[in-house]
Amino acid sequence: MDKFFRIERMTSRPQFLAAAKGVSEARGAVVVQRLDRKDGVPTVRLGFTATRKVGNAVIRNRAKRRLREAARAAVPLLAVPGSDYVFVARMGTADRTWDRLLDDVKSALTRLATPRPAPKSAPSHPAPAGQDS
């Protein structure tokens with residue numbers, strides 16, 4: 001399947017908050033959130049974030065730089081056109097080996113690209129025998 005789409009950056013807080021309402025996948029040193037925009041525009045928007053729990057500003061910036069590079073390598077191959085993705089750095093993102101970080105990003109994107117079945121409703125069980133209401 002040929003995938004031709006434009007890749008743009010997410011810049012505003014409402015875009016990040018909207019993506020957080022979509023599905024997410026945590027893998028190793030990264031959490032990837034995906035929102036299907038359903039607007040018919042075949043672009044992929046990317047956002048990168050790191051909370052203060054990750055470390056000081058130097059470590060947070062290093063973690064986001066590494067996530068940007070991993071996304072640059074994986075998104076053209078694995079992203080779904082018409083989606084927004086937010087890459088959230090976790091504690092080990094800045095220190096994780098490059099191969100493992102790239103594997104984390106690829107496996108999260110692969111998992112998010114596969115459609116998930118709708119959740120099944122809880123089965124209704126009859127009352128146990130011998131108990132009348």
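Just above, that's the structure.
This section reports on the structure supplied with the text. This is a predicted model, so every value here is computed, not measured.

Digging into the overall build of the protein
Each helix and strand in the protein was counted, giving three helices and five strands. Listing each helix as α and each strand as β along the protein from the N terminus yields β-α-β-β-β-α-β-α. Counting every position in the protein, which comprises 133 residues, the buried fraction comes to 35%. A separation of at least 24 residues holds for 80% of the contacts in the protein among residues at least 6 apart in sequence. Accessible surface for the protein amounts to roughly 8,700 Å². Of this, 53% is attributable to carbon and sulfur atoms.

Describing the nonpolar core
Of all hydrophobic cores here, the largest spans 26 residues; its most connected members are V75, Y85 and F87. Listed by contribution, the elements that provide at least two residues to this core are strand 3 (30–36), strand 4 (43–49), helix 2 (57–78), strand 5 (83–89) and helix 3 (98–113). Apart from the residues within four sequence positions on either side, F87 is in contact with V30, V31, V32, L46, G47, F48, T49, L67, A71, V75, V105 and L109. Judged by nonpolar contacts, the second largest core, of five residues, contains A19, V31, V86 and V88.

A look at the sheet that holds strand 2 (residues 23–27)
Strand order in this open sheet of five strands is 1-4-5-3-2, and the pairing throughout is mixed. With one partner strand each, in any of the chains shown, strand 1 (6–9) and strand 2 form the two edges of the open sheet. Neighbour-to-neighbour, the strand axes of this sheet turn through a mean angle of 20°, independent of strand direction. Summarising the sheet, strand 1 and strand 4 pair through four bridges and their orientation is parallel. When the sheet's bridge partners are listed, R6 is paired in strand 4 with T43. Against the sheet, helix 2 contacts strand 1, strand 3, strand 4 and strand 5, and its axis sits at roughly 160° relative to strand 4. Helix 3 contacts strand 2, strand 3 and strand 5 of the sheet and is inclined by roughly 150° relative to strand 2.

Cut-offs used in this document
Residues numbered from 1 in each chain as written. Predicted model: local features only at pLDDT ≥ 70, side-chain atom pairs only at ≥ 80, totals over all residues. Heavy atoms only, no water. Helix = DSSP H or I, 4+ residues; strand = E, 2+ residues; numbered from the N terminus. Buried < 20%, exposed > 50% of the residue type's maximum accessible area, 1.4 Å probe, protein only. Contact = heavy atoms within 4.5 Å. Areas by Shrake-Rupley, 256 points an atom, 1.4 Å probe, with all protein chains shown as cover. Core = buried A, V, L, I, M, F, W, Y, C linked by side-chain atoms within 4.5 Å. Pairing = 2+ DSSP bridges. Axes fitted to C-alpha atoms, helices over the stretch in contact; angles between N-to-C directions.

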